[in-house]
Amino acid sequence: MIQLKRVPVIFREADHTYWFGDKRLFGTSHLYGNHINPSKYSGIKQSVLEAAAKRGTLVHEQCEEYDRFGIISGDEADNWAKMRVMNEIAILENEYLISDLEYFATKIDKVMWVGEPSEFVVDLGDVKTTSELDKEALSWQLSVSAYLFEQQNPDVKVRNLYGI
């Protein structure tokens, strides 16, 4: 069984910030949104963005609830449960916190095996609830996550990246 390393970083849920001691670290979604594609959500009402964020949080929670306890509490969790069976997905970690302890930190939605498990190899997945999947942003986000993951866990390699 793979033992993933933990970092002494605190994620503060109230304002979605990451802290290493008294040092604030940047989340990767913040980096992408503010520096790489700052106009991605321009022209969308704040109320629409807030409703979408609330729905996204609910779907993440329901999928994690299924992973941890086998409870299906909504349509998206039901879809996730079916997807897990159909694709032989085994979950190693939900919301796995990674960081370089200098500048960046983020949580990986799913550290998993898709198909046949392989020793010292994992797959990473990110749950998305947008009406249209932004493959460029997803690719960027998961690539950065894979890099940080392998820095934190040098004996474990990332095999594949998935949008869920």
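Coordinates for the structure precede this section.
Presented here is a report on the structure given in the accompanying data block. These numbers come from a predicted model, not from an experiment.

### Concerning the pattern of salt bridges
Under the counting rule described, the total for this entry stands at nine salt bridges. Among the ionic pairs, E64 bridges to R68, the shortest N-O distance being 2.6 Å. Of this pair, E64 and R68 both sit in helix α2 (residues 46–69), four residues apart, which is roughly one turn of that helix. Given a relative accessible area of 19%, E64 falls into the buried group. The structure contains a network of salt bridges with shared partners spanning D67, R84 and K110.

### Comments concerning the packing of aromatic side chains
Throughout the structure, instances matching the rule amount to four aromatic pairs. Ring centres 4.8 Å apart and planes at 45° place the aromatic pair F11 and Y18 in the tilted group. Judged by its relative accessible area of 18%, F11 is buried. By relative accessible area, which is 9% here, Y18 ends up buried. Pairing Y103 with F104 gives two aromatic rings, centres 6.2 Å apart and planes at 55°, and the pair type is tilted.

### Considerations on the side chain of Q141
Locating Q141 in the fold gives a position in helix α4 (residues 135–152). For Q141, a relative accessible area of 15% puts it in the buried group. Looking at Q141, its side chain comes within polar contact range of the side chain of K128, at 2.8 Å. In this structure Q141 touches D126 and K128, once residues within four positions along its chain are discounted.

Criteria and thresholds
Residues numbered from 1 in each chain as written. Predicted model: local features only at pLDDT ≥ 70, side-chain atom pairs only at ≥ 80, totals over all residues. Heavy atoms only, no water. Salt bridge = Lys/Arg side-chain N within 4 Å of Asp/Glu carboxyl O. Helix = DSSP H or I, 4+ residues; strand = E, 2+ residues; numbered from the N terminus. Buried < 20%, exposed > 50% of the residue type's maximum accessible area, 1.4 Å probe, protein only. Phe/Tyr/Trp six-rings, centres within 6.5 Å; stacked < 30°, edge-to-face > 60°. Polar contact = N/O pair within 3.5 Å; in protein donor to acceptor, adjacent residues only side chain to side chain. Contact = heavy atoms within 4.5 Å.

These values are about where atoms sit, not about what they do.
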